[in-house]
Amino acid sequence: TTAGTRGSKQLLAEVEDPAIEASPLLAPAVAHSAAGIPSGKAAPGSAVVASGDSAGAPGGPAEHLAMRSLRTSQMLLSLDFWLLFVQFTIASGVCLAYLNNLGQLVVSLGGGHDGQVVFVSLFSVANAAGRLLMGYIPEQRLHAQGTPRTVFLTLTAAATAAAALAVAYARLGHLYVLSVLLGVVFGAHWSLLPSITSDLFGLQHFAANYTTLQFAPAMGSYLLATELTGWLYDRAAEAHGDIHQCIGPDCFRTAFLLLAGLAALSSLACCLATSRSRNAYAALALHLKHVQIVEGGHGAVEQEDP
């Protein structure tokens with residue numbers, strides 16, 4: 001119907017007002033009703049919930065969502081962005097510290113100089129699996145139960161911390177399981193972060209916003225996987241009396257214990273991000289359910305047409 005079509009179009013609309021000022025850094029993402037929208041101000045990722053008639057919606061007027069799109073300059077003033085940035089930096093650093101140093105790690109645990117090949121293969125396959133799983137499962141849970149994607153990011157961060165701690169005390173045979181686990185969590189981040197970026201900061205400036213977030217893995221790779229891990233490995237090698245190579249289970253222990261601690265802190269950052277985005281995801285889940293109702297009604301009408 002005409003009303004249903006108009007309602008479905010409004011559902012997909014995104015608000016973009018150049019006059020809107022950036023939100024305070026500590027303002028959480030919240031949902032607003034049409035009557036209660038702050039005058040020109042909303043938190044990053046805030047969901048604006050408006051009301052309007054829609055054919056097929058139970059109970060008369062249905063609420064629907066217009067996600068606010070933040071420019072990159074506005075996003076940089078959001079605490080939500082910096083929580084995601086820190087988590088992505090640390091998680092990428094942990095996973096790349098493992099992957100980039102697999103050759104030396106295998107040798108330090110008594111393996112051969114080419115013994116890392118099978119572990120790199122396992123990591124790569126698990127990386128692909130993690131991207132697929134964390135693309136499908138959070139999307140399905142969001143539609144079915146309204147579960148925020150940030151919940152899965154928190155679980156992924158906790159798994160990263162646990163895996164880093166395990167690497168610190170691992171033996172050679174343990175690397176089979178750890179390569180799979182770290183590959184999965186590494187791939188999971190590359191599915192979760194783009195979706196969370198669009199959920200909290202909108203699609204209007206998604207390309208610029210997500211590109212800005214890409215500085216996180218670059219920093220993690222250089223600062224944690226290269227500089228920090230390399231420096232601690234060199235210190236361990238000197239302690240073993242060889243400045244070129246370290247043999248022993250403690251060669252990477254200090255590095256991965258420190259990385260595990262950082263990953264645990266990033267898990268707390270994810271918990272805070274989940275709490276702050278709770279209302280925005282509740283409104284988004286309501287929006288998705290409304291879209292399903294509208295699309296279901298249109299499908300029924302099309303089937304009745306001769």
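Below you will find a few notes about this structure.

1. Describing the packing of helix α3 (residues 79-100) against helix α7 (residues 175-201)
Turning to step 1, where the next piece is worked out: One way to put it is that α3 packs onto α7 with a least axis distance of 10 Å and a crossing angle of 160°. When the interaxial angle is binned, α3 and α7 end up roughly antiparallel. Helix-helix and strand crossings are classified by hand; for α3 and α7 the assignment is left-handed. Listed contacts from α7 to D80, F81, L84, Q87, F88, A91, V94, C95, L96 and Y98 of α3 are L175, L178, S179, L182, V185, F186, H189, W190, L193, I196, L200 and F201.

2. Some details on the side chain of Q74
Turning to step 1, where the next piece is worked out: Residue placement: Q74 occurs in helix α2 (residues 72-75).
Turning to step 2, where the next piece is worked out: Residue classification places Q74 among the buried positions, given a relative accessible area of 6%.
Turning to step 3, where the next piece is worked out: A polar contact of 2.9 Å, which involves the side chain of Q74, links it to the backbone nitrogen of R71.

3. Comments concerning the pattern of salt bridges
Turning to step 1, where the next piece is worked out: One pass over the full model with this rule turns up three salt bridges.
Turning to step 2, where the next piece is worked out: One salt bridge in this structure joins R276 and D80, with 2.8 Å as the shortest N-O distance. Linking R276 in helix α10 (residues 253-276) with D80 in helix α3, this pair joins segments that are 196 residues apart in sequence. Across the pair, D80 and R276 agree in class, each one buried.

4. Brief notes about α3
Three or four residues apart is the spacing at which side chains of an α-helix point the same way, because the helix has 3.6 residues per turn.
Turning to step 1, where the next piece is worked out: Between its first and last C-alpha, α3 extends 31 Å over 22 residues, near the 32 Å set by a 1.5 Å rise per residue.
Turning to step 2, where the next piece is worked out: With respect to burial, α3 is a largely interior element, 18 of its 22 residues being buried.
Turning to step 3, where the next piece is worked out: Where α3 begins, one side-chain oxygen reaches toward the backbone nitrogen of D80, 3.1 Å away; that side chain belongs to S78.

5. Brief notes about the state of the cysteines
Turning to step 1, where the next piece is worked out: Going through the model one piece at a time under the given rule, you end up with one disulfide.
Turning to step 2, where the next piece is worked out: At a sulfur-sulfur separation of 1.9 Å, the disulfide partner of C246 is C251. One disulfide, between C246 and C251, carries an S-S torsion of -85° and so falls in the left-handed class.
Turning to step 3, where the next piece is worked out: On the accessibility criterion, C246 (0% relative accessible area) is buried.
Turning to step 4, where the next piece is worked out: Residue C251 is classed as buried on the basis of its relative accessible area of 3%.
Turning to step 5, where the next piece is worked out: Of the cysteine sulfurs around C271, a residue in no disulfide, the closest is that of C270, at 7.1 Å.

6. A word on the packing of aromatic side chains
Turning to step 1, where the next piece is worked out: Scanning the model with the defined rule gives eleven aromatic pairs in all.
Turning to step 2, where the next piece is worked out: An angle of 45° between the planes, with centres 5.7 Å apart, marks the rings of F81 and F85 as tilted. In this pair, F81 and F85 both sit in helix α3, four residues apart, roughly one turn of the helix. Just as F81 is buried, F85 falls in that class too.
Turning to step 3, where the next piece is worked out: In textbook terms, an aromatic cluster arises when at least three aromatic residues are bridged by ring pairs, as seen for F88, Y98, F123, F186 and W190.

7. Considerations on the environment of A159
Turning to step 1, where the next piece is worked out: Relative to the elements of secondary structure, A159 occurs in helix α6 (residues 149-168).
Turning to step 2, where the next piece is worked out: Owing to a relative accessible area of 24%, A159 belongs among the partly exposed residues under this scheme.
Turning to step 3, where the next piece is worked out: As a C-alpha pair, A159 and A263 span 104 residues in sequence and 8.9 Å in three-dimensional space.
Turning to step 4, where the next piece is worked out: Non-local contacts of A159, meaning those with residues more than four positions away in its chain, are made with L181 and V185.

8. Things to note about the nonpolar core
Turning to step 1, where the next piece is worked out: Within the largest apolar cluster, 38 residues are counted, with the highest numbers of intra-cluster contacts made by Y98, L105, L175, L182 and F256.
Turning to step 2, where the next piece is worked out: For this core, the elements supplying multiple residues, two or more each, are α3, α4 (102-108), α5 (117-145), α6, α7, α9 (215-239) and α10.
Turning to step 3, where the next piece is worked out: Among the elements that make up this core, the one with the highest residue count is α9 (seven residues).
Turning to step 4, where the next piece is worked out: Setting aside chain neighbours within four positions, we find F256 in contact with V94, A97, Y98, A164, V167 and A168.
Turning to step 5, where the next piece is worked out: In terms of nonpolar packing, the next biggest core, distinct from the first, is built from 24 residues, L153, L200, L213 and A216 among them.

9. Quick word on the side chain of T212
Turning to step 1, where the next piece is worked out: As for its placement among the helices and strands, T212 is situated in helix α8 (residues 206-213).
Turning to step 2, where the next piece is worked out: Each residue touching T212, except ones within four places of it in the same chain, is listed here: T72, M75, L76, F81 and F85.

10. Quick notes on the packing of α7 against α8
The packing of two helices is summarised by the inter-axis angle and the distance between the axes.
Turning to step 1, where the next piece is worked out: One way to put it is that α7 packs onto α8 with a least axis distance of 10 Å and a crossing angle of 130°. Judged by the angle between their axes, α7 and α8 are oblique. α7 and α8 meet at a crossing whose hand is right-handed. Residues W190, L193, P194, T197, S198 and F201 of α7 form the contact with α8, whose participating residues are F206, N209, Y210 and L213.

11. Digging into α10
Turning to step 1, where the next piece is worked out: Given a rise of 1.5 Å per residue, 24 residues ought to cover 34 Å, and the 35 Å separating the end C-alpha atoms of α10 matches this to within 8%.
Turning to step 2, where the next piece is worked out: Of the residues making up α10, those classed as buried are A255, F256, L259, A260, A263, S266, S267, A269, C270, A273, T274 and R276.

Criteria and thresholds
- Residues numbered from 1 in each chain as written.
- Predicted model: local features only at pLDDT ≥ 70, side-chain atom pairs only at ≥ 80, totals over all residues.
- Heavy atoms only, no water.
- Axes fitted to C-alpha atoms, helices over the stretch in contact; angles between N-to-C directions.
- Helix = DSSP H or I, 4+ residues; strand = E, 2+ residues; numbered from the N terminus.
- Parallel < 35°, antiparallel > 145°, perpendicular 65-115°, else oblique.
- Left-handed = near helix turned anticlockwise from the far one by under 90°.
- Contact = heavy atoms within 4.5 Å.
- Buried < 20%, exposed > 50% of the residue type's maximum accessible area, 1.4 Å probe, protein only.
- Polar contact = N/O pair within 3.5 Å; in protein donor to acceptor, adjacent residues only side chain to side chain.
- Salt bridge = Lys/Arg side-chain N within 4 Å of Asp/Glu carboxyl O.
- Expected span 1.5 Å × (residues − 1).
- Disulfide = S-S within 2.5 Å.
- Phe/Tyr/Trp six-rings, centres within 6.5 Å; stacked < 30°, edge-to-face > 60°.
- Core = buried A, V, L, I, M, F, W, Y, C linked by side-chain atoms within 4.5 Å.

Any link to function would need more than the numbers given here.
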